Amino acid sequence: MNVAPSPDTLSRSAGLIEIEHSLGAHNYKPLDVVLTRGERVWVWDVDGNRYLDCLSAYSAVNQGHCHPKILAAMVEQAGKLTLTSRAFRNDQLALFYEELAALTNSHKILPMNSGAEAVESAIKAVRKWGYEVKGVPEGQAEIVVCSDNFHGRTIGIVGFSTDPDARGGFGPFTPGFRVVPFGDAEAFHAAITPNTVGFLVEPIQGEAGVIIPPPGYFRRVRELCTAHNVTLILDEIQTGLGRTGRLLAEEHEGIEADVTLIGKALSGGFYPVSAVLSNTEVLGVLKPGQHGSTFGGNPLACAVARAALKVLVEEGMIGNSAELGAYFKRELEGMKSGAVREVRGRGLMLAVELHPEAGGARRFCEALRAQGILAKDTHGHTIRIAPPLVITREEVDWALERIAPVLAG
Ligand SMILES: *Cc1c(COP(=O)(O)O)cnc(C)c1O
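Numbers given for residues are sequential positions, taken from 1 along each chain in its written order. The predicted nature of this model means local features are confined to residues of pLDDT at least 70 and side-chain atom pairs, given and counted, to a pLDDT of 80 or more, with totals for whole chains, interfaces and linings taken over all residues. Side-chain descriptors were evaluated using all non-hydrogen atoms of the structure, hydrogens and water having been removed beforehand.

Draft legend 1. Broad picture of the UniProt feature "modified residue: N6-(pyridoxal phosphate)lysine" (unreviewed entry) in the protein. UniProt positions are given in the numbering used here, feature names are shortened, and annotations may be inferred rather than shown by experiment. According to UniProt, the "modified residue: N6-(pyridoxal phosphate)lysine" (unreviewed entry) feature falls on Lys264. With respect to the helices, strands and loops of the structure, Lys264 is situated in the loop between β9 (259–262) and β10 (274–278). Judged by relative accessible area, which is 26%, Lys264 ranks as partly exposed. Secondary structure elements follow DSSP: runs of H or I of four or more residues count as helices, runs of E of two or more count as strands, with numbering from the N terminus. Three exposure classes are used, based on accessible area relative to the maximum for each residue type with a 1.4 Å probe and protein chains only: buried under 20%, partly exposed in between, and exposed over 50%.

Following this line, the structure appears as structure tokens:
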């Protein structure tokens, strides 16, 4: 139930928003809802209103807010040992490697923290592999990326973004990247040169508005990468770990990447944990002193990630994502609304694209918020719907009942 805020509580959230506004950098434009508590798919604001979280922190809380088993692992480890740096070994890292490798069929793992760091680390490793294994002349390595990509916010990454907001004013940028249209395998083919070492791509473009490439695209990309000895780097930071109804989104395409990047839900939202997964050849080029991170692979991160992976599998979240995602999508498609142009997605990674005349997705997200649903507009006309994977059918129905009048109105 949403209760109307009293003047008292209204001033509480308004006061906090004002402090944020005056002291914080304005690099985000959040909905004006100040959250204080979360449990499974639900979050509560400081005024006591409850909302269904349909963003899941961009898929970092796939396991649901404050999952009790991940919390217990975090608290237990935090009381024992949190950080050793990699100057010494810790007793959680090997177990993290072993469990993640078994789950994802990987041979080598590089633990990092944020998603952007995993992307940067993969770029470094793949370039080095290009020089040492493929035999590309020093300084000439090229990596192909896609238009409308989102891989993070570091200076290296925004340099090959095609979003003017992401890159404008931040140059000069790192050279060595070529941009091709997403979903066009022949454009990728044409961009390959003898110096191409990698193709960095999202299985489904999340930030671009949940864009699914045409059928057969990734099979052709895989063939081309194999034929030209180019490393296929799949950024599964958002699509991975059950979000699309499979452990990794590559499974929908029937292919295997050479390098896979995961992050976000790797910690269930408790702590930044990311990883680069690869075969022995690519990560094998990194020797002591050539790459690192003070926090990467720390015992707290490893204990949290082990628990986050365990509950994802043991509690059937991946299957639930497939089943309820398909149901959610079907029901959204069946809604009568002149505003909706297209419903798309896989698993619980869904998006409703509105006609441009509908007046923008932000207005709809504000209306959903008034109904007790937190969703995020992206690229002007798209509402992203991606609840935690622990959502029940009753909760999906609860959401549908509230989404229908908003889309109709
Ligand atoms: C969120 C995201 C990243 C960056 O992760 P951070 O933890 O925010 O650095 C990279 N790639 C994709 C596809 C993402 O969705």
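Draft legend 2. Local environment of the domain arrangement of the protein. Each domain span listed reflects an automatic or database assignment of domains. You can read the domains of the protein as domain 1 (7–63 + 316–408) and domain 2 (68–314). Measuring from the centre of the C-alpha atoms in domain 1 to the corresponding centre in domain 2 gives 27 Å. Residues are treated as being in contact if the distance between any of their heavy atoms lies within 4.5 Å. Contacts between the two partners involve 28 residues from domain 1, matched on the other side by 30 residues from domain 2. For the pair domain 1 and domain 2, the two sides together bury roughly 2,400 Å², of which 57% comes from carbon and sulfur. For the domain 1 face of the interface with domain 2, the top three residues by lost area are Ile318, Arg346 and Met349, together amounting to 33%. Any carboxyl oxygen of Asp or Glu that lies within 4 Å of a side-chain nitrogen of Lys or Arg is treated as forming a salt bridge with it. At the junction of domain 1 and domain 2, the tally comes to two salt bridges. Taking the shortest distance from any N to any O, the salt bridge between Arg384 and Glu207 comes out at 2.8 Å. In protein, a polar contact requires one atom able to donate a hydrogen and another able to accept it; more generally it is a pair of N or O atoms within 3.5 Å, and residues adjacent in sequence count only if both atoms are side-chain atoms. Between domain 1 and domain 2 we count 23 residue pairs in polar contact (both at pLDDT 80 or more) in total. Put simply, buried area is how much 1.4 Å-probe accessible surface two parts lose in total, over both of them, once they are put together.

Draft legend 3. Spatial organisation of the environment of Glu39. By the secondary structure assignment, Glu39 is in strand β1 (residues 35–39). When neighbours within four sequence positions are excluded, Glu39 is seen to be in contact with Trp44 and His65.

Draft legend 4. Representation of a nonpolar patch on the surface in the model. There is a patch of nonpolar side chains on the surface, built from Leu16, Ile19 and Leu23 and spanning about 310 Å² of accessible area. Structurally, Ile19 can be placed in helix α1 (residues 7–23). Patch membership needs two things, relative accessible area over 30% and no salt bridge, and members are linked within 9 Å if like-charged or within 5 Å if nonpolar (Val, Leu, Ile, Met, Phe, Trp, Tyr). Surface accessibility follows the Shrake-Rupley procedure with a 1.4 Å probe radius. Residue values consider only the protein chains on display as shielding.

Draft legend 5. Geometry of unusual backbone geometry. Each neighbour pair has its own omega, and for Gly171 with Pro172 the value is 0 degrees, a cis peptide bond. Mapped onto the secondary structure, Pro172 falls in the loop between α7 (164–167) and β6 (177–180). Here the phi dihedral of Arg40 falls at roughly 50 degrees; this positive angle occurs in a residue that is not glycine. By secondary structure assignment, the location of Arg40 is in the loop between β1 and β2 (42–45). Of note, Leu241 is a non-glycine position whose phi angle comes to about 55 degrees, a positive value. Checked against the element boundaries, Leu241 lands in the loop between β8 (231–235) and α10 (250–253). Since its relative accessible area comes to 2%, Leu241 is described here as buried.

Draft legend 6. Structural detail: the sheet that holds strand β11 (residues 340–346). Paired strands are those between which DSSP finds at least two bridges. Reading across from one edge, β11-β12-β15-β14 is the order of the four strands in this open sheet, with antiparallel pairing throughout. The sheet is open, and its two edges are formed by β11 and β14 (376–378), each paired on a single side. Averaged over all pairs of adjacent strands, the angle between strand axes in this sheet comes to 25 degrees, irrespective of strand direction. The sheet contact formed by β14 and strand β15 (residues 382–385) spans three bridges and is antiparallel. Looking at the pairing, Asp377 lines up with Ile383 of β15. Lines are fitted to the C-alpha atoms to define the axes, a helix being fitted only along its stretch in contact, and any angle between axes, read from their N-to-C directions, falls within 0 to 180 degrees.

Draft legend 7. Structural view of the nonpolar core. We define the nonpolar core as a collection of buried residues of types Ala, Val, Leu, Ile, Met, Phe, Trp, Tyr and Cys that are connected through side-chain atoms lying within 4.5 Å of one another. If you look at the biggest cluster of nonpolar residues, it comprises 66 residues, and the most contacted ones within it are Phe328, Leu332, Leu354, Ile383 and Ile403. Considering each element in turn, this core owes the most residues, 10 residues, to helix α12 (residues 299–314). When residues of this core are assigned to domains, at least three fall in each of domain 1 (7–63 + 316–408) and domain 2 (68–314). Those residues in contact with Phe328, other than ones at most four positions away along the chain, are Leu348, Leu350, Ile385, Pro387, Val396, Ala399, Leu400 and Ile403. Counting 28 residues, the second-largest nonpolar core is a separate cluster that includes Leu110, Ala116, Ala118 and Ile157.

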